[in-house]
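Examining the three-dimensional arrangement
The primary structure of each chain is shown beneath.
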Amino acid sequence: MGLKLFNTLSRSIQEFAPLAPPKVGMYCCGPTVYDFAHIGNWRTFVFGDLVRRTLEFKGYAVTQVMNVTDVEDKIIKRVRETKTSLSEFTGKYEAAFFEDLKTLNCLLPHQTPHATEHIAEIIALIEKLIARGIAYQAADGSVYFSIEKYRGCGCTYGQLLKLNFDEMRAGERVKSDEYAKESVADFALWKARVPEDGDVCWPSPWGEGRPGWHIECSAMSTKILGPSFDLHLGGEDLIFPHHEDEIAQSEGATGKHFVKYWLHGAHLLVEGKKMSKSLGNFFTLRDLLAKGFTGREIRYSLLTAHYRETFNFTLEGLSGARTALARIDECLGKLREAVGAPNSDSAGTDVSSSQQHADSEIGVPNDLVARFAAALDDDLNISAAWGTVFEWVRETNRRLAENSLSTAEATVALTEWDKIDSVLGIGAPPAADAPAEVVALLEARQAARKAKDFKRADAIRDKLKAKGWVIEDTPKGPKLKKI
Ligand SMILES: [Zn+2]
């Protein structure tokens, strides 16, 4: 069964068929680095990570691009207020963002382009739009995208949602056209420098200024992924105007279909209410870590709801995440024990005993990976996916309690778990000190290597792995790491 996803462009669930399989080009709107990202932002980024991991699990060769918006109205305001430089200010929040991304065990995007490092590409794109007659410079020096001219070329503005152009025009007379744009719906591609911008500006054919927010995503996504690519993701709040404007700019400039599949993650509520600082339910990731929760628990919690459902994030839910993870960890711990102790009573290796059980019992659902994959194929049905995980945990625990799981079966179970965890990314509990027997094995492996007995060294490495430890060879010597 192939992967099916809800495409905002067609407003329907579609079979995922990339433009040039197995390659998949994927663009996620990234952070605006003016503050610490809050839990609502993180829901979207974890969703993006789930999409990427699912595609990789299915064998696609994904290129994930996530932009960093490091120049923008709010940033400039804060730079002014804090009397810092642009790079000093954004650098701090960018570093925090990537640290948080790691805390939540999100894979690092393959490319993370910065708006300020793509001014030339942005200018070139605006020049193209002006040459095509769908962008114009207004009296204040700013350059705007003309929706009327764009539509006049036979292009559609309002691909992701239906827009009422009469209503949009009705607003024209309102004094919202502070930049002297021709129509209220037109949006800025290049913002002419104003005194409040301080020294945050770049030279351009239209005078000093800075790019608008929407144009940076068009410039950087098409530069890296080409004029047409497979997937574009973001929170649903970005559908309009940001993503609609991205389509208009990109298709207006290239004349090509911009993105095949648009995926949008739904909002997040906190304790049943819209998150706001005044309600006291506004949490950054760091606030939650300070309350004693781990990135792993927060990731699990964010991954419990379907991406298109509004998710009610609660502290109670986070505590529930802790319990759920403990159940998984306990089961995995017992499996590792079973694998690492082939002579124990609990793990008979002889074929006859396992066959006997296979005949008489439902057994550990050894199709965990297949059923997990089928759940994800159904528009990333994560609840069903967790359902298969916990059913597997229940069955595995039952078999372990009955001493009816062979070493071979336990090994298979752990391998299956590793496969599905490549998607879930919940990994193992935070690092613990290695027990004495593990340290002894490491020493034995070192001795074997020294004696050039690589076969034995490898066998010990495998044994350690079965116990849940990997050896990392560092310049300072080998180090033990919990899987
Ligand atoms: Zn964007």
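First, a word on what this report is: a plain description of the structure on this page. What you see is a predicted model; the values in this text were computed from it and never measured.

In this structure the tally under the stated criterion is 27 salt bridges. The shortest N-O distance in the salt bridge between Glu15 and Lys4 comes to 3.7 Å. Taken as a pair, Glu15 in strand 2 (residues 12-15) and Lys4 in strand 1 (residues 4-7) lie far apart in primary sequence, eleven residues in all. With a shortest N-O distance of 3.1 Å, Asp73 and Lys191 are connected by a salt bridge. Here Asp73, found in helix 2 (residues 73-82), pairs with Lys191, found in strand 7 (residues 187-192); they are 118 residues apart in sequence, far enough to count as distant. By relative accessible area, which is 14% here, Lys191 ends up buried.

With that out of the way, let us pick up the coordination of the zinc ion. The protein atoms that coordinate the zinc ion are Cys29 (SG), Cys217 (SG), His242 (NE2) and Glu246 (OE), at distances spanning 2.0 to 2.7 Å. Note that the zinc ion binds four donor atoms; their angles at the metal cover 76 to 133°, and the shape is irregular.

On to empty space enclosed by the protein, then. Using the criterion set out here, one finds three cavities of 30 Å³ or more in the structure. Estimates place the volume of the largest cavity at around 90 Å³. For the largest cavity, the full set of lining residues is Arg43, Val46, Phe47, Leu50, Gly265, Leu302, Leu303, Ala305, His306, Tyr307 and Ile382. Among the elements that make up the lining of the largest cavity, the one with the highest residue count is helix 1 (residues 39-57) (four residues). Across the lining of the largest cavity, the residue classes tally to eight nonpolar, two polar and one charged. Looking at the second largest cavity, its volume works out to about 50 Å³. Forming the boundary of the second largest cavity are Cys28, Cys29, Thr44, Phe45, Phe47, Gly48, Asp49, Gln64, Met66, Leu233 and Gly234.

A separate point is the nonpolar core. Of all hydrophobic cores here, the largest spans 128 residues; its most connected members are Ile39, Trp42, Leu55, Leu231, Leu335 and Trp386. For this core, the leading source of residues is helix 11 (residues 315-340), giving ten residues. For Leu335, the residues in contact, after removing those within four places along its chain, are Trp392, Thr396, Leu400, Leu405, Ala410, Ala413 and Leu414. Within the second largest apolar cluster, seven residues are counted, among which are Leu441, Leu442, Ile460 and Leu464.

What follows is about unusual backbone geometry. In this structure, Pro22 follows Pro21 across a cis peptide bond, with omega equal to 5°. For Pro22, the location among the structural elements is in the loop between strand 2 and strand 3 (23-28). Going from Phe240 to Pro241, the amide bond is cis rather than trans, its omega being 0°. The topology assignment puts Pro241 in helix 8 (residues 239-254). At Lys83, a residue that is not glycine, the phi angle is positive and equals roughly 55°. You can see Lys83 is positioned in the loop between helix 2 and helix 3 (86-103). Since its relative accessible area comes to 75%, Lys83 is described here as exposed.

In this fold, His114 is placed in the loop between helix 3 and helix 4 (119-131). For His114, a relative accessible area of 12% puts it in the buried group. Of the polar contacts made by the side chain of His114, one reaches the backbone oxygen of Thr112; its length is 3.1 Å. Dropping the residues within four chain positions of it, His114 is found in contact with Val68, Asp70, Glu94 and Met220.

Rules used in this analysis
- Residues numbered from 1 in each chain as written.
- Predicted model: local features only at pLDDT ≥ 70, side-chain atom pairs only at ≥ 80, totals over all residues.
- Heavy atoms only, no water.
- Salt bridge = Lys/Arg side-chain N within 4 Å of Asp/Glu carboxyl O.
- Helix = DSSP H or I, 4+ residues; strand = E, 2+ residues; numbered from the N terminus.
- Buried < 20%, exposed > 50% of the residue type's maximum accessible area, 1.4 Å probe, protein only.
- Donors = N, O, S within 2.8 Å, 3.2 Å for Na, K, Ca; no water.
- Tetrahedral: all angles 85-135°; square planar, octahedral: opposite > 155°, others 65-115°.
- 1 Å grid on protein atoms, 1.4 Å probe; cavity = no way out; pocket = protein on both sides within 12 Å on 5 of 7 lines; lining within 4 Å.
- Points joined across faces, edges and corners; volume = space filled by probe spheres on them.
- Nonpolar A, V, L, I, M, F, W, Y, C, P; charged D, E, K, R; others polar.
- Core = buried A, V, L, I, M, F, W, Y, C linked by side-chain atoms within 4.5 Å.
- Contact = heavy atoms within 4.5 Å.
- Polar contact = N/O pair within 3.5 Å; in protein donor to acceptor, adjacent residues only side chain to side chain.

Scope: geometric values only; no functional claims are made or implied.
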